[in-house]
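The residues making up each chain are set out below.
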Amino acid sequence: MPLPKAELHLHIEGTLEPELAFALAERNGVELPYADTEALREAYRFSDLQSFLDLYYELMGVLHTARDFTELADAYLARAAAQGVRHAEIFFDPQAHTARGVPIGTVVEGLAAALDRAEERHGVSTRLIMCFLRDESAESAMATLEAAKPYLHRITGVGLDSAEVGHPPSKFREVYEAASALGLRKVAHAGEEGPPEYIREALDVLGVERVDHGLRCMEDAELVARLVRDRVPLTLCPLSNVRLRAIDVLEDHPLPAMLAAGLVATVNSDDPAYFGGYVGDNFAAVRGALGLGREQLRVLARNSFEAAFLDDEEGLRARYLAEVEAYEFEAGE
Ligand code: ADE
Ligand code: ZN
């Protein structure tokens, strides 16, 4: 049994494996410009975030019906559960679908159908987080929040993703204020490719409770001290950072330094179909490349449940944390 953990940074569209992409393309009559899954996998060589996003948006064009989204999410939940995920907070990008004529209701209802069965089928509790595309306008983000209003009982929070540099968090001040007024939780990608200043803005202007990535905080000692003092969780994605060239090799990842500094670091998979692994693979990779010991892995698992948007009334957080404390590592793990 793998170490129990929560996954807090996972784009559901980034779990679209080549095999499912081809199956959905056929079912929906979509022509993909790749001969087969092998040829598609050949395209998974990225030079930066934008080069990945171009393929990510292209490939999600095979997702049309609620059933497609249900199958996508169910496939992710099965894989995640097999790697020890007990709780998953799942991002989705409504604008990437509404721009193609797929209504937000189709997306949310399709995902929700899979999430409704997740406890029973996979033993995983779930939340949905709706992300705004930061390279689209603030008006488009506000219109998306408005369009989501009939579905807010299914949505726990809002996030901010897509091309970071040139699109600072402050561009989305009003939409985050409106989301807050609706009782939604708040996160944002910041400091993946963008500077530490974007992390400060996400905290000060948007009022986020967690920072997605936050990798570049390490360039700013004062910011690190603040994140430690306020116990702001960072949702790190080590394999993503290597594939998108934020760092050269996994051995250079600042995760050990971040843990040593007292940051509330968590390990996540981001877009696992594209970056070479699900969350358990990310744990195994950092253990191997960075020499993390068992107690550090346990800290990462504990952090993931402490940072999760779980209601204390449910008692789930306490139950999961007890599972982490009781976990006995297997030989070689
Ligand atoms: N959308 C999907 N994956 C992303 C990432 N790593 N950064 C920003 N936007 C994304
Ligand atoms: Zn991400």
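As shown above, the structure is provided for reference.
An account of the accompanying structure is given in this report. Keep in mind the model is a prediction, meaning the values are calculated, not measured. (Residues numbered from 1 in each chain as written. Chains lettered and ligands numbered in written order. Predicted model: local features only at pLDDT ≥ 70, side-chain atom pairs only at ≥ 80, totals over all residues. Heavy atoms only, no water.)

Pairing in this open sheet of 8 strands is parallel, and the strands run E1-E2-E3-E4-E5-E6-E7-E8 from one edge to the other. Edge positions in the open sheet fall to strand E1 (5–11) and strand E8 (264–267), since each of these has one partner strand only. Strand-to-strand twist of the sheet, defined as the mean angle between neighbouring strand axes without regard to direction, takes the value 25°. Bridge analysis of strand E6 (residues 210–213) against strand E7 (residues 233–236) gives 2 bridges, and the strand direction is parallel. For Val211, the partnering residue across the bridge sits in E7 and is Leu234. Across the sheet, helix H6 (residues 104–116) touches strand E2 (85–92) and strand E3 (125–133), and the angle it forms with E3 is around 160°. (Pairing = 2+ DSSP bridges. Helix = DSSP H or I, 4+ residues; strand = E, 2+ residues; numbered from the N terminus. Axes fitted to C-alpha atoms, helices over the stretch in contact; angles between N-to-C directions. Contact = heavy atoms within 4.5 Å.)

This next bit is on the site of ligand 1. Surveying the vicinity of ligand 1 reveals the residues His11, Leu49, Phe52, Leu53, Tyr56, Asp161, Ser162, His189, Glu192, His213, Asp270 and Asp271. One of the side-chain nitrogen or oxygen atoms of His11 is found 3.4 Å away from a nitrogen atom of ligand 1. A total of 260 Å² of accessible area belongs to ligand 1 in isolation, and the protein chains cover 100% of it. (Near = heavy atom within 4 Å. Polar contact = N/O pair within 3.5 Å; in protein donor to acceptor, adjacent residues only side chain to side chain. Areas by Shrake-Rupley, 256 points an atom, 1.4 Å probe, with all protein chains shown as cover.)

Coordination of the zinc ion (ligand 2) by the protein comes from His9 (NE2), His11 (NE2), His189 (NE2) and Asp270 (OD), over a distance range of 2.1 to 2.2 Å. Metal-centred angles of 84 to 174° between the 4 donor atoms at the zinc ion (ligand 2) mark the site as irregular. Within one chain, the residues serving as donors to the zinc ion (ligand 2) are arranged as H-x1-H-x177-H-x80-D. Residue His11 is found in strand E1, and its partner Asp270 is found in the loop between E8 and helix H14 (272–275); the two are separated by 259 residues along the sequence. Pair check on accessibility: His11 and Asp270 agree, each one buried. (Donors = N, O, S within 2.8 Å, 3.2 Å for Na, K, Ca; no water. Tetrahedral: all angles 85-135°; square planar, octahedral: opposite > 155°, others 65-115°. Buried < 20%, exposed > 50% of the residue type's maximum accessible area, 1.4 Å probe, protein only.)

This part takes up the pairing of E1. Of all 7 residues in E1, 7 are buried, a share of seventy percent or more. Bridge count for E1 against E2 is 5 bridges, and the pairing is parallel. Along E2, the bridge assignment pairs His11 with Phe91.

A few words now on the pattern of salt bridges. Enumeration over the complete set of coordinates arrives at 22 salt bridges. Between Arg41 and Glu19 there is a salt bridge, with its nearest N and O atoms 3.2 Å apart. Of the two residues, Arg41 is situated in helix H2 (residues 37–42) and Glu19 in helix H1 (residues 18–28); the sequence distance between them amounts to 22 residues. Residue Arg41 is classed as partly exposed on the basis of its relative accessible area of 34%. Here Arg226 and Asp204 are joined by a salt bridge, their closest N and O atoms 2.6 Å apart. Of this pair, Arg226 sits in helix H11 (residues 221–229) while Asp204 sits in helix H10 (residues 196–204), and the two are 22 residues apart along the sequence. (Salt bridge = Lys/Arg side-chain N within 4 Å of Asp/Glu carboxyl O.)

If you trace the backbone, Leu3 turns up in the segment before E1. Judged by its relative accessible area of 3%, Leu3 falls in the buried class. When the C-alpha positions of Leu3 and Phe329 are compared, they lie 7.5 Å apart, and in sequence the two are 326 residues distant.

The next point concerns the side chain of His122. By the secondary structure assignment, His122 is in helix H7 (residues 118–122). There is a polar contact of 2.9 Å between the side chain of His122 and the side chain of Asp74. Contacts of His122, omitting those with residues within four sequence positions, involve Asp74, Leu77, Ala78, Ala81 and Arg117.

This part takes up helix H3 (residues 49–59). For H3, the complete set of buried residues consists of Leu49, Phe52, Leu53, Leu55, Tyr56 and Leu59. Down the axis of H3, the sector holding all buried residues measures 170°, keeping them to one side. Where H3 is buried, its residues contact E1, H1, H2 and H14. The opening residue of H3 is Asp48, an N-cap whose side-chain oxygen sits 3.4 Å from the backbone nitrogen of Gln50. (Arc of directions from axis to C-beta.)

Here we take up the state of the cysteines. For the structure shown, the criterion picks out 0 disulfides. No disulfide involves Cys131; its nearest neighbouring cysteine sulfur is the one of Cys237, lying 12 Å away. Owing to a relative accessible area of 0%, Cys131 belongs among the buried residues under this scheme. Of all cysteine sulfurs in the structure, the one in Cys237 sits closest to Cys217, which takes part in no disulfide; the separation is 14 Å. (Disulfide = S-S within 2.5 Å.)

Once that is clear, we can look at the side chain of Arg298. Tracing the backbone through its elements, the reader meets Arg298 in helix H16 (residues 294–306). Accessibility expressed as a relative area gives 9% for Arg298, which makes it buried. There is a polar contact of 2.7 Å between the side chain of Arg298 and the backbone oxygen of Val324. In this view, Arg298 contacts Leu3, Val324, Glu325, Tyr327 and Phe329; residues no more than four positions away in its chain are not counted.

The analysis is restricted to geometry; functional conclusions fall outside its scope.
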